[in-house]
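# Coordinate inspection notes
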Amino acid sequence: MWTWFHRLASPPSFYRLAERLAPWLGAASLLLLLGGWIDGLMFAPADYQQKDAFRIIYVHVPTAAVSLSLYSAMAVAGVVAVIWRIKLAECAMMAIAPVGASMTAVALITGMLWGKPMWGAYWVWDARLTSELVLLFLYLGVIGLYQAFDDPRAGARACALLAIVGAVNVPIVKFSVEWWNSLHQGSTLLKMGKPTMSAAMAGPLYAALAGTMLFCAYAVLRRMQNELLVRERGTRWVGELQRAQAVDDRSASV
Amino acid sequence: MHLRGANGAGKSSLLEVLAGLRRPAAGVLRRNPDPLPLHWVGHRNALNPHLSAVENLRFWCEFNGQAVQRVAPALDRLALPAGARRRAVRTLSAGQKRRTALARLVLAPRPLWLLDEPLDGLDVDGIATFAGLLSEHLKGGGIAVVTSHQALPKDLPAVREWTLQR
Amino acid sequence: MSAMLAIFRRELLLAMRARTEWLMPPFFFIVVVTLFGLGTEPNDPKLAAFAPAILWVAALLSTLLTLERLFRADLEDGTLEQLCLGATPLAVVALAKLLGHWALTGLPLVLLAAPLAVGLGVTSASVPTLVAGLALGTPCISLIGGFVAALTVGLPRGGLLLPALVLPLITPALIFGTGAVRAAQQGLDAGAPLYFLAAILVLSLTLIPWIASAALRNAFD
């Protein structure tokens, strides 16, 4: 078990594993997303209150769901990076950050677009939107901090510490924002009820959710591969990879 | 031990690794579970420019739990003029700052000295004073690892010289 | 313990030597609050409603002013390496530095807040809540901000990064601090948010010194 784990954590074997895994993940996510979105946007019945506007749910909910889980994943990778100083965990962290940030941004933008017809304004200080905004700031902070360091290892460790503090902070932010919103219950905030969804509506949502998760996994793997190649340039295994690539290119051009 | 080498050869980095300030870029450093108490004088003096020499050394005494009465004798030993002791460190000359930093070596006896370019900025007198200090430390059974691009003063007991190549 | 006292004494001495640096945050605090007063209609009653937010944000910004220097001066003159090598755990050193920072920067703001709040039209009944909130919240700002200052200490442009990293982390303290005053203004019980603030402070006090010391060590690697 341990030896297997250690072998996996070595950059070249992880790179090869990712190389094998990534196409499958990419294809599966593409299928699920296409299926879910086509079904959801064209065939699912319209909501009797929100009409067709509700269909943005098929983008908004999956991205919002993964935005938080990606942050937790980044923080876990951060803990591993700080305690065991595993290079792969550092790469994972720095690969997750931009993916998570873009998912958070998409969730925010679709939330705002959805808010306009539903609440009459692009932005309301709703508890969920606000904590999503803070989450975006946390992601951008991690990315900005990493960019500021010259040495990627020191940068990744600093980011890991920041991500850990941020992970402790996220539930507190959520709680505080909910408390803050309950303070002025009188305002005309349209509470989104929890209407039971019909299976025809929920089916595509689950497909889109699974597709988004797989897409994130795919993007993170590919980014990790990139990060590994950049960091390990000049090592033997990267050199061998380059030579193999060159041979492939030559045979392709013939 | 005298570490030599061209600029950028890694003398300071090696010394920082020895002190435990920095992790080696590759390889494993095995740490003694019961490390020797050490004095570290880096290429920066660890003196706050807004405080005087005496105030700076008093802080290090208090921080390390040593008696503050040792400050004045230590500065005597390094021959820092009385007029320079109460002025803010930023007004002192480079050599005077270096003398103040080296005075920390005298505040408490510790068996291991790690010194990064201790001669920087010192005048002939200062170098002689430092040589006396170092040879006393070595004769007392102390160990010192010193980086210096100039030759160390003669008549030091048991100096081994290492040159780092890039 | 004696090491902590030594660091306190040193911070105090330094504040006395560089008085303008030390007086800058409270002065900035007063200026920001005054500008808000001048930026609205004279005697606008709405100012009182915004007072908690104004005072909290002004306190946050004026604390950020000094945070960048907190560890940087020590890094530049080599003091930090000596502190790392000392027998005292670096976490204790970090705690002492952060508490010293609060005593010299946060505490004056807490003391100034009451007269400024009255000036903004806050009723005297809710001033104690405001001051209590700031008394619990400014140490949180010093601790969390100090951690970020430790993260960015070795960076040439760390000062630009600092506010962007601190602000999302400090959101909960801001929400509870200002919420407590609003609750008091509306005649509600302000106990709960103040307890939450106290909880955040205790959590920061226990966690931040350790993680800040890891950040400081990282500056050498």
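For clarity, every value in this text was computed on a predicted model and none was experimentally measured. (Residues numbered from 1 in each chain as written. Chains lettered and ligands numbered in written order. Predicted model: local features only at pLDDT ≥ 70, side-chain atom pairs only at ≥ 80, totals over all residues. Heavy atoms only, no water.)

### A word on the overall build of chain C
Just so we agree on the cut-off: Strands are runs of DSSP state E lasting at least 2 residues, helices are runs of H or I lasting at least 4, and numbering of each runs from the N terminus. Based on C-alpha atoms, the radius of gyration is set beside the globule rule, defined as 2.2 Å times the residue count to the power 0.38. Residues are treated as being in contact if the distance between any of their heavy atoms lies within 4.5 Å. Only the protein chains shown count as cover for residues, and all accessible areas are computed by the Shrake-Rupley method using a 1.4 Å probe. For the purpose of charge, His is not counted, nor are the chain termini; Lys and Arg are scored as positive and Asp and Glu as negative. Throughout, a charge is located at the NZ atom of Lys, the CZ atom of Arg, the CG atom of Asp or the CD atom of Glu.
When helices and strands are counted, chain C shows eight helices and zero strands. Counting helices and strands in the order they occur from the N terminus, chain C gives α-α-α-α-α-α-α-α. In terms of overall size, chain C behaves like a compact globule, its C-alpha atoms giving a radius of gyration of 18 Å where 221 residues would be expected to give roughly 17 Å. Across its three principal directions, the C-alpha atoms of chain C cover 55 × 35 × 30 Å. At a minimum sequence separation of 6, the contacts of chain C that also span at least 24 residues come to 81%. Surface accessibility of chain C: about 8,900 Å² in total, with carbon and sulfur atoms responsible for 72%. Charge separation in chain C, taken as the distance between the mean sites of 11 positive and 11 negative side-chain charges, equals 4 Å.

### Regarding the overall build of chain A
Operational definition: Type-normalised accessible area, obtained with a 1.4 Å probe on protein chains alone, sets the label of each residue: buried when under 20%, exposed when over 50%, and partly exposed for intermediate values.
Looking only at helices and strands, one finds eight helices and zero strands in chain A. What you see in chain A, going N to C, is helices and strands ordered as α-α-α-α-α-α-α-α. In terms of overall dimensions, chain A has C-alpha extents of about 65 × 45 × 35 Å along its principal axes. Sorting the 254 residues of chain A into buried and exposed places 44% on the buried side. When contacts within chain A are restricted to residue pairs at least 6 apart in sequence, long-range pairs at least 24 apart make up 77% of them. Within the structure as shown, chain A displays about 13,500 Å² of accessible surface, and the carbon and sulfur contribution to it stands at 67%. Averaged over its 21 positive side-chain charges, chain A has a centre that lies 4 Å from the centre of its 15 negative ones.

### Quick word on the interface of chain A and chain C
Where we set the bar: Defined here as a combined quantity, buried area equals the accessible surface (1.4 Å probe) lost by two parts on assembly, summed across both. Note on definitions: salt bridges are taken to be side-chain nitrogens of Lys or Arg within 4 Å of carboxyl oxygens of Asp or Glu. The definition of a polar contact used here is a pair of N or O atoms within 3.5 Å, where within protein one atom must be able to donate a hydrogen and the other to accept one, and adjacent residues in sequence count solely through side-chain atom pairs. Each residue gets one label: Ala, Val, Leu, Ile, Met, Phe, Trp, Tyr, Cys and Pro are nonpolar, Asp, Glu, Lys and Arg are charged, and the others, such as Gly, are polar.
Contact residues are listed per partner, giving 28 residues for chain A and 26 residues for chain C. Buried surface at the junction of chain A and chain C, summed over both partners, amounts to about 2,400 Å²; 79% is from carbon and sulfur atoms. Between the two partners, chain A and chain C, sit zero salt bridges. Taken together, chain A and chain C are joined by three residue pairs in polar contact (both at pLDDT 80 or more). A class-by-class count of the residues in the side of chain A that touches chain C yields 20 nonpolar, five polar and three charged.

### Looking at the environment of Val79(A)
Secondary-structure assignment places Val79(A) in helix α3 (residues 57-84). Taking the C-alpha atoms as reference points, Val79(A) and Leu161(A), separated by 82 residues in sequence, lie 7.9 Å from one another.

### Here's the deal with helix α2 (residues 53-63) of chain B
Counting buried positions over the 11 residues of α2(B) gives 10, a clear majority of the element. Within α2(B) the residues assigned to the buried category are Ala53(B), Val54(B), Glu55(B), Asn56(B), Leu57(B), Phe59(B), Trp60(B), Cys61(B), Glu62(B) and Phe63(B). Buried residues belonging to α2(B) abut α3 (71-77), α4 (82-85) and α5 (94-107) of chain B together with α1 (2-17), α4 (79-85) and α5 (90-119) of chain C. Within two residues after α2(B), Gly65(B) carries a phi angle of roughly 70°, on the positive side.

### Brief notes about the confidence of the model for chain C
Here is the rule we go by: pLDDT runs from 0 to 100 and stands for how confident the predictor is about each residue.
Residues at a pLDDT of 70 or more form 100% of chain C, whose mean pLDDT is 91. Of all the helices and strands in chain C, α4(C) carries the lowest mean pLDDT, 90, while helix α6 (residues 127-151) of chain C carries the highest, 95.

### Quick word on the packing of aromatic side chains
Cut-off, in case you're wondering: In this scheme Phe, Tyr and Trp rings, the latter by its six-membered ring, pair at centre separations within 6.5 Å, and the angle between planes marks the pair as stacked below 30 degrees, edge-to-face above 60, and tilted otherwise. The rule is short: NZ of Lys or CZ of Arg within 6 Å of the ring centre and within 35 degrees of the ring normal puts a charge over the ring.
Within the structure shown, the criterion is met by 12 aromatic pairs over all chains. Ring plane angle 55° and centroid distance 5.4 Å describe the contact between Tyr15(A) and Trp237(A), whose orientation is recorded as tilted. With Tyr15(A) in helix α2 (residues 11-43) and Trp237(A) in helix α8 (residues 236-253), the pair connects residues that are 222 residues apart, well separated along the chain. Each member of the pair, Tyr15(A) together with Trp237(A), is buried. Cluster of aromatic residues (ring-pair linked, three or more members): Phe175(A), Trp179(A), Phe176(C) and Phe196(C). Stacked on the ring of Tyr122(A), the Lys or Arg Lys116(A) has its end atom at 5.3 Å from the ring centre. Positioned above the aromatic ring of Trp60(B) is the side chain of Arg104(B), whose terminal nitrogen or guanidinium carbon lies 5.7 Å from the ring centre.

### What to know about the state of the cysteines
Threshold: In this description, the term disulfide denotes a pair of cysteine sulfurs within 2.5 Å.
This structure, assessed with the given rule, holds zero disulfides over all chains. The structure places no disulfide on Cys61(B), whose sulfur is separated from the nearest cysteine sulfur, that of Cys84(C), by 20 Å. Of the residues examined, Cys61(B) reaches a relative accessible area of 0% and is grouped as buried. Judged by its relative accessible area of 7%, Cys84(C) is buried.

### Quick word on a nonpolar patch on the surface
What counts here: To count toward a patch, a residue needs a relative accessible area above 30% and no salt bridge. Like charges then connect within 9 Å, nonpolar side chains (Val, Leu, Ile, Met, Phe, Trp, Tyr) within 5 Å.
On the surface, a cluster of nonpolar side chains totalling about 650 Å² of accessible area is made up of Leu30(A), Leu34(A), Ile38(A), Leu41(A), Met42(A) and Phe43(A). Within the fold, Met42(A) resides in helix α2.

### Considerations on the sheet that holds strand β1 (residues 2-5) of chain B
All names here are of chain B. Using the following cut-off: The pairing criterion for strands is at least two bridges between them, as found by DSSP. Axes here refer to lines fitted to C-alpha atoms; in helices the fit is confined to the stretch in contact. Angles between the N-to-C directions go from 0 to 180 degrees.
In spatial order, the strands read β2-β3-β4-β1-β5; together these five strands make up an open sheet with parallel pairing. Strands at the two margins of the open sheet, each flanked by one partner only, are β2 (38-41) and β5 (161-164). Between one strand and the next, the sheet's axes are offset by a mean angle of 15°, whatever the strand orientation. Sheet topology note: the β1/β5 ladder contains four bridges and is parallel. Following the sheet pairing, Arg4 is matched in β5 by Thr163. Strand contacts of α5: β2 and β3 (112-116), with the helix running at about 170° to β2, the strand carrying the most contacts.

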